[in-house]
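Each chain is listed here by its residues.
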There are 2 protein chains.
Amino acid sequence: MEKATVSRATLGRLPLYLETLEQLRQDGRRNVSATVLAQILNLGEVQVRKDLNAVCSDGRPKVGYEITRLIDCIRILLGRDKKTDVIVMGAGKMGMALLDCNDFAEYGISVIAAFDTDPSVRGTSPTGKPILPPDFAKQLCKNGNIRLAILTVPADAAQSACDLLCDCGITAIWNFTPVTLKVPESVTVRNENLALSLAHLNQKDSNTTR
Amino acid sequence: MEKATVSRATLGRLPLYLETLEQLRQDGRRNVSATVLAQILNLGEVQVRKDLNAVCSDGRPKVGYEITRLIDCIRILLGRDKKTDVIVMGAGKMGMALLDCNDFAEYGISVIAAFDTDPSVRGTSPTGKPILPPDFAKQLCKNGNIRLAILTVPADAAQSACDLLCDCGITAIWNFTPVTLKVPESVTVRNENLALSLAHLNQKDSNTTR
């Protein structure tokens, strides 16, 4: 089954669809239409129709979608058919919060270890995950076929930590530092500038309410 | 001086402009053009021109911008002219990471306190900020004229914590829970679904590299 790509917005609604479809299947239903699903979830019918179409091309007029087939397609898109392991580079407060965050499981993602140059933070996290020296990253990534990394080191260490990640075979970096990273063309970077997000919200708020 | 609104992208470049302009002023320069600033920063001239135009309408052909005036405009947009205090509802790992995060200062924002229903997490954070019972939020927000809050409680407590924040006079909520919050029309919500961000990055990576 070839894996489709869906938009971020659609991806965000998939856990909700999945839960509802699993409930419907439990209730003994075999098929469901976009119309019915939209009514149950109180969502716009056009939106649901578009989402389901992006997820699975097997919808049929009048009959709708076969629920089991739709569940399979959504599970694959959500990565529930296989586990994706991720590492964190930088075990400061944000790194530790992401290392022990439970929310990623919904998307089949598990943060399995953190790395830090500071020996005093090494050991295990509150949920028992290892915090290791950066030297260990290459072997762990190779053995575990790890392609995703979260970067939460201080700004002045960002580029060198990024270089190490690329050297480890990482192909996608979720960058929490404010630094514009230089990476090979084959590596994807998603910048997560939290300070900027809060500042932008503050700016909007200042202009609407004061 | 009326406060302009700039795009998120422009806002993100302002700290860089500010640093450069302060350096130029120190070097004894009085005026700067978008062309020169673009060269120094290795940015596109069209982009810099657009940014500066959004920041300050006083640019003059041939002369460029008065550096001191530009610095003042940027400082206001970055909130450096006044401090904005923010609270965190929910002192779990993410709440604590945001409570002690230093990156917000660049935008004149200070996270001053966290609130949690769990007495065992109360006290002070590693950097000395208070973690208080939620009952204290209303008075603190009123006394400090606080309008922004970060929501980092577990999903099942999200709506009730949100209701409390609205009751405290909060007008903008940065929502780290996966819950779609119900708020009065006067309240702005920015959803920060980190799990979805990572899942989306994973999806893109899976499709490009495997």
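Everything numeric in this text was worked out from a predicted model, so none of it was measured.

Caption draft 1: Quick look at the relation of the copies chain B and chain A. The transformation that overlays chain B on chain A combines an axial shift of 0.0 Å with a rotation of 180°, and the residual RMSD is 0.1 Å. This pairing of chains is accounted for by a two-fold axis. When you check the interface residues of chain B against chain A, 100% turn up at the interface there too, and the contact is symmetric in its surfaces.

Caption draft 2: Spatial organisation of the sheet that holds strand β6 (residues 130-132) of chain B. All names here are of chain B. Taken together, seven strands build an open sheet; the order of strands is β5-β6-β4-β3-β7-β8-β9 and the sheet is mixed. Each edge of the open sheet carries a strand with a single partner, namely β5 (123-124) and β9 (188-191). The strands touched by helix α7 (residues 158-167) are β3 (84-89), β7 (148-151) and β8 (172-175); relative to β7, the strand with the most contacts, the crossing angle is about 170°.

Caption draft 3: Layout of the packing of helix α1 (residues 8-26) of chain A against helix α3 (residues 45-55) of chain A. All names here are of chain A. As a packed pair, α1 and α3 sit with axes 11 Å apart at the nearest point and diverge in direction by 95°. With respect to α3, the element α1 is oriented roughly perpendicular. When α1 is examined against α3, the residues T10, R13, L14 and Y17 are found in contact with a partner set consisting of Q47, V48, D51 and V55. Tallied by class, the residues present in the contact of α1 with α3 amount to four nonpolar, two polar and two charged.

Caption draft 4: View of the confidence of the model for chain A. Of all residues in chain A, 96% have pLDDT values of 70 or greater, and the mean over the chain is 91. Reported for the predicted complex are a pTM of 0.83 and an ipTM of 0.84.

Caption draft 5: Focus on the nonpolar core. L21 of chain A together with L21 of chain B are the most contacted members of the largest nonpolar core, which totals 97 residues. Setting aside chain neighbours within four positions, we find L21 of chain B in contact with V32, L37, I67, L70, I71 and I74 of chain B. Core analysis: the next-biggest nonpolar cluster, separate from the first, contains 21 residues, L132, A149, C168 and V187 of chain B among them.

Caption draft 6: Quick look at the environment of G79 of chain B. Residues and elements named next belong to chain B. As for its position among the elements, G79 is in the loop between α4 (67-77) and β3. In this structure, the C-alpha to C-alpha distance between G79 and C56, residues 23 residues apart in sequence, is 15 Å. Residues contacting G79, with those up to four places away along its chain left out, are Y107 and G108.

What counts, and at which threshold
- Residues numbered from 1 in each chain as written.
- Chains lettered and ligands numbered in written order.
- Predicted model: local features only at pLDDT ≥ 70, side-chain atom pairs only at ≥ 80, totals over all residues.
- Heavy atoms only, no water.
- Least-squares fit on C-alpha atoms with pLDDT ≥ 70 in both.
- Contact = heavy atoms within 4.5 Å.
- Pairing = 2+ DSSP bridges.
- Helix = DSSP H or I, 4+ residues; strand = E, 2+ residues; numbered from the N terminus.
- Axes fitted to C-alpha atoms, helices over the stretch in contact; angles between N-to-C directions.
- Parallel < 35°, antiparallel > 145°, perpendicular 65-115°, else oblique.
- Nonpolar A, V, L, I, M, F, W, Y, C, P; charged D, E, K, R; others polar.
- pLDDT = per-residue confidence, 0-100.
- Core = buried A, V, L, I, M, F, W, Y, C linked by side-chain atoms within 4.5 Å.
- Buried < 20%, exposed > 50% of the residue type's maximum accessible area, 1.4 Å probe, protein only.

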